[in-house]
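# Per-entry structural report
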Amino acid sequence: MGNTYTYVNGQLLLENEAKLLVTDLAVQRGYGIFDFLKTVNGKPIFIEDYFNRFFNSAGEMNLEVDFDRTDLFTAVTSLLEKNNIANSGLKIILTGGYSEDGYQIAKPNLVIVQTPFEYNPTSFDKGLNLLSHNYQRQLSSVKTIDYLQAIRLQPLLKLKQADDLLYHNHGDVRECPRANIFMIKNRQVFTPISGILRGITRGKILGIHLDGIEVKEQDFTLDDLANADEAFISSSTKNILPVLSLDGKPIGDGKPGKITSVLNEKLLEMIKNY
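Residues numbered from 1 in each chain as written. Predicted model: local features only at pLDDT ≥ 70, side-chain atom pairs only at ≥ 80, totals over all residues. Heavy atoms only, no water.

### A few points about the overall build of the chain
Broken down by element type, the chain carries nine helices and 15 strands. If you line up the chain on its principal axes, its C-alpha atoms span 55 × 40 × 30 Å. Taking all 274 residues of the chain together, the buried fraction comes to 47%. Considering only contacts within the chain whose residues lie at least 6 apart along the sequence, 69% involve residues at least 24 apart. Element-wise, carbon and sulfur atoms account for 49% of the exposed surface of the chain, whose accessible area totals about 13900 Å². (Helix = DSSP H or I, 4+ residues; strand = E, 2+ residues; numbered from the N terminus. Buried < 20%, exposed > 50% of the residue type's maximum accessible area, 1.4 Å probe, protein only. Contact = heavy atoms within 4.5 Å. Areas by Shrake-Rupley, 256 points an atom, 1.4 Å probe, with all protein chains shown as cover.)

### Focus: the sheet that holds strand 5 (residues 88-95)
With respect to topology, six strands assemble into an open sheet ordered 2-1-6-5-3-4, the strand pairing being antiparallel. Since the sheet does not close on itself, it has two edges, and those belong to strand 2 (11-14) and strand 4 (43-44), each with one partner. As judged from the two bridges shared by strand 3 (residues 32-40) and strand 4, these two strands associate in the antiparallel manner. Bridge pairing in strand 4 places threonine 39 opposite proline 44. This element, helix 2 (residues 47-60), spans strand 3, strand 4, strand 5 and strand 6 (110-116) of the sheet and lies at about 175 degrees to strand 3. (Pairing = 2+ DSSP bridges. Axes fitted to C-alpha atoms, helices over the stretch in contact; angles between N-to-C directions.)

### Focus on helix 3 (residues 69-83)
If you check helix 3, its first and last C-alpha atoms are 21 Å apart, about what 15 residues at 1.5 Å a residue would give, namely 21 Å. Every buried residue of helix 3 is listed here: Leu72, Ala75, Val76, Leu79, Leu80 and Asn83. Buried residues of helix 3 fall within an arc of 130 degrees about the axis and therefore sit on the same side. Away from its buried face by more than 90 degrees, helix 3 exposes Thr70 and Glu81. Put simply, aspartate 68 is the residue that caps the front of helix 3, since its side-chain oxygen is 3.1 Å from the backbone nitrogen of threonine 70. One or two residues past the end of helix 3 sits asparagine 84, with phi positive at roughly 55 degrees. (Expected span 1.5 Å × (residues − 1). Arc of directions from axis to C-beta. Polar contact = N/O pair within 3.5 Å; in protein donor to acceptor, adjacent residues only side chain to side chain.)

### A few points about the pairing of strand 7 (residues 128-134)
Of all seven residues in strand 7, five are buried; the element is thus mostly enclosed. Where strand 7 lies against strand 14 (residues 239-246), three bridges are found, and the strand directions are parallel. Across the sheet, leucine 130 pairs through a bridge with leucine 246, a residue of strand 14. Here strand 7 pairs with strand 8 (residues 164-169) via five bridges, running parallel. In the sheet register, leucine 130 faces strand 8, and the bridge partner there is aspartate 164.

### Regarding the packing of aromatic side chains
Applying the stated criterion across every chain, the model contains six aromatic pairs. Plain terms: the ring middles of phenylalanine 34 and tyrosine 147 are 5.9 Å apart, the flat faces sit at 55 degrees to each other, and that makes the pair tilted. A residue pair is termed long-range when its members are at least 10 positions apart, and phenylalanine 34 in strand 3 and tyrosine 147 in the loop between strand 7 and helix 5 (148-152) qualify at 113 residues. For phenylalanine 34, a relative accessible area of 9% gives the class buried. Note on phenylalanine 182 and phenylalanine 232: the rings are 4.6 Å apart at their centroids and 10 degrees apart in plane angle, and the pair reads as stacked. (Phe/Tyr/Trp six-rings, centres within 6.5 Å; stacked < 30°, edge-to-face > 60°.)

### Let's talk about the environment of phenylalanine 73
Relative to the assigned elements, phenylalanine 73 resides in helix 3. Exposure remark for phenylalanine 73: the relative accessible area of 38% places this residue in the partly exposed category. Aside from chain neighbours lying at most four places away, what touches phenylalanine 73 is Ile47 and Phe51.

### Some details on the environment of aspartate 164
As for its position among the elements, aspartate 164 is in strand 8. According to the relative accessible area criterion, aspartate 164 is buried, its value standing at 6%. Put simply, aspartate 164 and isoleucine 193 are 29 residues apart on the chain and 20 Å apart in space, counted from C-alpha to C-alpha. If near-sequence neighbours (up to four positions away) are discounted, aspartate 164 is found in contact with Leu128, Asn129, Leu130, Leu131, Leu157, Cys176 and Pro177.

Written out as structure tokens, the structure is:
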């Protein structure tokens, strides 16, 4: 969309005019962070939570920012007003900056990209099929721009007719490349706590209270997941999406589960009322 504006270091530029130099560490070494949130009817959903994670990621990556939360909110607001896209995805990127030697961190570049996004409720009934892969992300608590493994393995996903990867560390379940994973067993809901990025949607689900159902952080294995009653992933764009199979074998009865459905309804209600 050439008529969409992008924010770059204080300027609002048409998408095809927004540029960074090739000396940026994001280009030279893949060094940088980002965060992603959505807008619904023009309102950025859970934006304070995303800001918390964004500034935490910047600190962990030693990226010195010369703006605060108010400045960042002003930047986001200016882009939203310029583009006037009610339902969208917002990607806030902070790069390693223009490095003189292609190795040392420099003054970061701030880029905010907005793209139209409409949540498709029918995707819930379709669910998804996961393919396990033994991989532990570096700096798992930081949302970096490094998606090397996930992108490299896209041809394998197509070959296996799977929808997404599920990372595990020698059998200990971690996360999907762009989502957190939950499993349900005996009316208890579990999500891993070790070696993961703590998703914002994940956090909201942990705060949902259902009678007779416990939602908690606890690590589990691929074998546990294979024998679960239900499973689902969570993310900003997918909300809650049932996992129907793992490595070609159905989880539960291979259909979206009842507890998953109730949690999804609660989450959608939370988003609607935000």
